[in-house]
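What follows is each chain in one-letter form.
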Amino acid sequence: MSGSRSVADSLNQYIELSVEVEDENQQYASLLVPEGAYKGWVPKDIYSKTFLRVRLPFLRLLSFPVGGTSIGCLPMQLTDFSAEGNYLTKLPTCFAECSKLTRLNLGFNQFTEVPYPIYRLSNLEELNLEHNYLEHIDRTIGQLRNLKVLNMSGNMLRELPPDLKQCRRMQRLHLSGKFYPRGKMQQFPECICGLPDLVFLDLSWQQIRNIPASFGNLRKLQELNLKWNQLQEVSHELKKCTKLLRIDLSGALRLLSAIPAALFYLEDLHTLNLSDNFFTDIPSEVCGLVKLRHLVVQRNSLLRLSQDLYKLRYLQHLELGENFLEALPQGLRSLKRLEYLGLCHNRITELPDELCFLGHLTFLGLGHNKITQLPENIYHLQSLTTLDINHNQLREVPLLMDRLDLLANNDGLHLHNNPLRSPFQEISEQGTTQLFEYLKGIRLKEAHHRWKMIMIGAAKAGKTSLRQALMLGKSKLTADSERTWVMERHLWEPESRLRVQIMDFGGHHIYQAAHHMFLSPDALHVLVFDLTKYSTEAYEDLIGHWLEAIMDRAAGAKIVMVGTHCDLCTKEDVQEKREDILRLVRRNEERKRHDIKREIRKIRSELDRPETREVSGGIPEIGVGRLQEKLNRLEKMLNSRSEVPDDVHVVSCADNLYGVSDFCSLLIGRLKSVPASGLPDHWFTFLEQIQQVPDRVISFERALGFFKSVMAENHQSMMGMGGSPERSLEMVLKYLHSTGEIVWYSDNLELRTTVFHKPEALIDMLRAVFRHDFDQVVQYCHELGESLDLRMEKFERMKRDFLQRGLLTRELLRFLLVLFQLTEDASDNFLDLTLSLMLKFSLCFQLQRSHATALVGPTDVVQFPWFFPEERPEEFHGKWPEVRPSKVFELTMEINFSGPAPPNFFEKLSVKLHNFLYDTTRVNWQNGVLSQRNASSLLVQRERRSQGTTVITSARAESADNLTELWWLVMNVRRAAMQLFKDWPLLKVELELVCMHCVLKGNDMPTRYPGEVLEHVIPKGEYTLKCCDRYPNDLVPTCFVFPLEEKAYQDNHELHVKAAADCLMSCLDDVDSSVGTTSSAERLLYGRGLSMLSRRLTDEWTAVLMRLGVDHSRLHQLELSYPTDFPMRVLIALEEWRDEADGTAEDKVESLLSVLSESDIAQNQLVEDLREHFDL
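Rules of the game
- Residues numbered from 1 in each chain as written.
- Predicted model: local features only at pLDDT ≥ 70, side-chain atom pairs only at ≥ 80, totals over all residues.
- Heavy atoms only, no water.
- Helix = DSSP H or I, 4+ residues; strand = E, 2+ residues; numbered from the N terminus.
- Contact = heavy atoms within 4.5 Å.
- Areas by Shrake-Rupley, 256 points an atom, 1.4 Å probe, with all protein chains shown as cover.
- Core = buried A, V, L, I, M, F, W, Y, C linked by side-chain atoms within 4.5 Å.
- Buried < 20%, exposed > 50% of the residue type's maximum accessible area, 1.4 Å probe, protein only.
- UniProt positions renumbered as here; feature names shortened; annotations may be inferred.
- Pairing = 2+ DSSP bridges.
- Axes fitted to C-alpha atoms, helices over the stretch in contact; angles between N-to-C directions.
- Salt bridge = Lys/Arg side-chain N within 4 Å of Asp/Glu carboxyl O.
- Polar contact = N/O pair within 3.5 Å; in protein donor to acceptor, adjacent residues only side chain to side chain.
- Expected span 1.5 Å × (residues − 1).
- Arc of directions from axis to C-beta.
- Parallel < 35°, antiparallel > 145°, perpendicular 65-115°, else oblique.
- Left-handed = near helix turned anticlockwise from the far one by under 90°.

When its secondary structure is counted, the protein chain shows 32 helices and 41 strands. Taking as baseline every contact in the protein chain between residues at least 6 positions apart, the subset at least 24 positions apart corresponds to 56%. About 53500 Å² of surface is accessible on the protein chain, with carbon and sulfur atoms providing 46% of the total.

Glancing now at the nonpolar core. Counting residues in each nonpolar core, the largest one holds 154 residues, and the members touching the most others are Leu 56, Phe 81, Ile 192 and Phe 215. Where this core is concerned, the elements lending two or more residues are β2 (23-32), α2 (405-409), α4 (432-439), α11 (681-691), α12 (700-713) and α13 (725-738). Here Leu 56 is in contact with Leu 31, Val 33, Val 42, Ile 46, Leu 61, Phe 64, Phe 81, Ser 82, Ala 83, Glu 84 and Asn 86, once residues within four sequence places are set aside. Counting 73 residues, the second largest nonpolar core, distinct from the first, contains Leu 519, Leu 527, Tyr 534 and Ile 543.

Let us look at the UniProt feature "coiled-coil region" (unreviewed entry) in the protein chain. As annotated in UniProt, the feature "coiled-coil region" (unreviewed entry) corresponds to residues 571-606 in the numbering used here. Within residues 571-606, the helical portion is 100% and the strand portion 0%, while the C-alpha atoms at the span's ends are 52 Å from each other.

The subject of this paragraph is the sheet that holds strand β38 (residues 989-994). As summarised here, the arrangement of the seven strands in space is β34-β35-β36-β37-β33-β38-β39, forming an open sheet in which the pairing is antiparallel. Each of the sheet's edge strands pairs with one partner strand only, and the pair in question is β34 (921-925) and β39 (1008-1010). The average angle at which neighbouring strand axes cross in this sheet is 20 degrees, direction not considered. The pairing of β34 with strand β35 (residues 928-933) spans five bridges and is antiparallel. Of the residues in β35, the one forming a bridge with Asn 924 is Val 929. In the packing of helix α23 (residues 963-981) onto the sheet, contacts are made with β33 (889-897), β35, β36 (936-945), β37 (948-957) and β38, and the angle to β33 comes to roughly 10 degrees.

It is worth spelling out the pattern of salt bridges at this point. In total, this model carries 35 salt bridges according to the counting rule given. One salt bridge in this structure joins Asp 197 and Lys 220, with 2.9 Å as the shortest N-O distance. Of the two residues, Asp 197 sits in the loop between β8 (172-174) and β9 (200-202) while Lys 220 sits in the loop between β10 (210-211) and β11 (223-225), which places them 23 residues apart along the sequence. Of the charged contacts, one joins Asp 580 and Arg 583 as a salt bridge, the two residues approaching to 2.7 Å between their closest N and O atoms. With Asp 580 and Arg 583 both in helix α8 (residues 571-608) and three residues apart, the pair spans about one turn of that helix.

Inspection of the secondary structure assignment puts Asp 276 in the loop between β14 (271-273) and β15 (294-296). A distance of 2.7 Å separates polar atoms of two side chains, one belonging to Asp 276 and the other to Arg 299. Contact partners of Asp 276, with chain neighbours within four places excluded, come to Trp 228, Ser 250, Gly 251, Arg 254, Gln 298, Arg 299 and Asn 300.

Another point: helix α17 (residues 792-805). Between its first and last C-alpha, α17 extends 19 Å over 14 residues, near the 20 Å set by a 1.5 Å rise per residue. All of the buried residues in α17 are Lys 794, Phe 795, Met 798, Lys 799, Asp 801 and Phe 802. The buried residues of α17 occupy an angular sector of 160 degrees when projected down its axis, which confines them to one face. One or two residues past the end of α17 sits Gly 806, with phi positive at roughly 75 degrees.

Here we come to the side chain of Asn 277. Counting through the fold element by element, Asn 277 comes out in the loop between β14 and β15. Looking at Asn 277, the relative accessible area reads 1%, which means it is buried. Within the structure, Asn 277 has its side chain in polar contact with the backbone nitrogen of Leu 253 (distance 2.7 Å). If we skip the residues at most four places from it in the chain, Asn 277 touches Leu 249, Ser 250, Gly 251, Ala 252, Leu 253, Arg 254, Arg 299, Asn 300 and Ser 301.

Take α23 next. Each full turn of the α-helix corresponds to 3.6 residues, which orients residues three or four apart in the same direction. For α23, with 19 residues, the first-to-last C-alpha span of 27 Å sits near the 27 Å given by 1.5 Å per residue. The buried count for α23 comes to 15 of 19 residues, which makes it a mostly enclosed element.

This part is about the packing of helix α22 (residues 905-917) against α23. It is at 9 Å that the axes of α22 and α23 come closest, and there the two elements cross at 135 degrees. What the angle tells us is that α22 and α23 run oblique. You can see that α22 and α23 cross each other, and the crossing is right-handed. Together, Phe 905, Lys 908, Leu 909, Lys 912, Leu 913, Phe 916 and Leu 917 of α22 and Trp 968, Leu 969, Asn 972, Val 973, Ala 976, Ala 977, Gln 979, Leu 980 and Phe 981 of α23 make up the contact between the two elements.

Here it is in structure tokens:
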């Protein structure tokens, strides 16, 4: 009985009641099952009910009704039935009993013919059978006299029955073919012309060859889609369809040499799409389309334009891209309403000046032409938001262009791949605003090429050997002792006018913590990998991971891929690997772009919904502001993505230097591909002056002093640049940073006050700590130790604390700086600077002075998460019991990554946690942080699962009075994580809040609320609500779901605390009553014991259960049913064993403990914990 009830309940949750307009005194039920709610079945209870509407989408149904031929009471009221996306092949005869049915949707099924019962549904108004396998329609369709909408798209129809014309109420007809294989309809169905009320007709992707004279009968037709047919004849009678507003004939007129004249008589036409045909001109008759607003003639063979085109006074959108136009005729300024003009991919060499007087123009596409200059008056286009001039022959930009404010605000100027002389390419790539600022102050100067080139790749890929081969022109292979340590910076000058700053990155995983500091969109990135180590399986480690890091962190960067050690591979092997790499690179990039576009469409769709701005149910929807912010980031990411490398270059750095010369020439060509650009004299003077400063770094204020002095000496005004000395200096520093001359982090509020005029200082700071062979290289030196007053015993203790716990003292840092010859004496000022920069870069956090730090050293102590111990410290279990004490509140948030977490995410999060845990006692290990704050405990830990990585944040307290602090802790962790997410805008991550009510109840599969609940405050005046899926009738304290603020900011704070305390007591009563007076063995078997066991068992779970008598096939079935939910899999198996095994509870427990104690299982600690916890 309970099973039948649960099935019925599962159906009842999808039933909705409504009142119809026709009968306001009666309620009607609708069954709206969500997609995938059932798999291959629906509860039989459905046939005993009456519904007005039934929705059964994507349930994998093979038949309906499931397993029978009767649909019971369904026909009595049913007016709307939808079962799209199933595997239906037929309908039972009894379906014809649904005589009231007006809407029927059976799209995306597997019908090979229209089910005969459908023809008997005489009241049917809408019929959707799209994307099935239909090849014909029976002539009895003429019986459906009330049919208004018929959708047969995506089928394989060859013809339509003449009787279709009897459906004279038809208004919309969807008959498009499949994209592949192409539709089989070759003749225009004459029966369509007998549908006088038709307003929409889609016959795209067929093979229709003519539009017959009878087409003129469709006098009410408003939209016609015939794209990608094979029209050879278009009847002149088409002109009688005077109400046509939109026509799409893209790719349909490729067999015609001229645009059909009948089109030009449609005076009310708004939109005409003639793309993908072969027309060479647009005839003068086009002026007959007097109301035309959108004209698209893209991808044709247009050689010229008629001036009559300019008579279309209402034209707003004109797309003529991908043709062969060489010039625009006079009269363009007549199109006063024009907002969009697309002329990309033509052969235009110059633009008429009258283009500058199209005052409403917002988009101007001129990319991929041969334009050598823009009109000087282009600044008159004040409405322009996007100007695409990529891939042309521009050598300069009009100096007054900075007046186009909207263009700057939208960063809408695209100038890539032009031989720009002024302004230079580096500035233009920084953005429209920066370019416009530069236009105000630029002075021509002798050209110099200045570049930054980053060499990146896995450890031992050959980066340093390649760099030395390029610089020295001879082979110098790198020994293990010479491997790159964090990063090396070298000046490469292959030609007298080419200055390249090479950044050679170390590939060891510990050095990746510093890579993000130097990746830059202004640099040429050389991705190096070892060809001998490459295989398809190794692609991600050797190439994919690094390529993704560059493209995500340095949007728009130029990338070159090179494989080393080619001398150790055969030519065939090299070619095969190159092809495989390019295949994977292109595939992954296509998927990435597809994911970005899909996410953009999803967000736009969400933003377009009115419900987005409303509150529905107990939990508010996601905030519009955050959605819009994410949309902006994604669109910018899509528009600025780097082009993936189109080739894989191969070299050998052995004696013969195979391919190095060619690769060197390639790099020089890339580095010189941007025309030589001038560096203003006063900029160069400023750079010289700051580089002469002996200090390792200088402040922004000090640099500003130098800059003002240089500008005054050269009698330069700063009003034409940034408008103020500060903004002018910012522009100069950005440029010098882009060329690698200095390092300045303009976007980091903490670091922008520091200018690394000698980038080696930043590298030395990292080198002091991050070294893959630290234990072997860092050894005590008596002479150095004595000079620094550091005894050997103290040194060894500090070194051990650093390697095992990540603790770095001021004394040890001083020793390292001198040992590695990063400074001569490591003065206190230099130590202060180094520690300050490490903290600002979030590489470590500083510990408060306490008795604990006193044991490490007498001075400042910082801690690096990269060096935390692997295992949990011994004190963990004493501070955080594995089983939550019954009277303790526990608030949990989960951050779920669909794949591996971003590089170093957890380590960086661990550093950020210290911003609010600075005054607490922390217990750290590589996968977790445990902290005590007042009466609360916080545990943040990382779990690597088969489907991805999860970061679990849990906070505990014994009193409801501490709930505010629990929320404060969890929300601070969330805030720190959200800050890190900004570096990965397309990160696939979900935040979930675990239901505290379920946790208190002892439910091991608690309800999970979407992370959006954390963005909202507690609804005013609501102290409890029904929102728990596991206990739908229970009232859950509102402060268990929404963040509880401090007393000063939370209305009726004490009432929320009381609701939480009452809930805890109620849950305790429930748990106690479930235990009652049962024995210890029964409490283990029927209480929390099996749940505890399911979480503690790992790889040995199958062996344990098989020895308990559970069949191996059942265990395999559970693995398939719960592929990722390991605890649930084990719990179900244990419960089935408990219920089916013979003997008393004591006998079963004894058998269980005996199996766990066997030598090859060896779960002795677990046995002891069970005996202690359940008093066995």
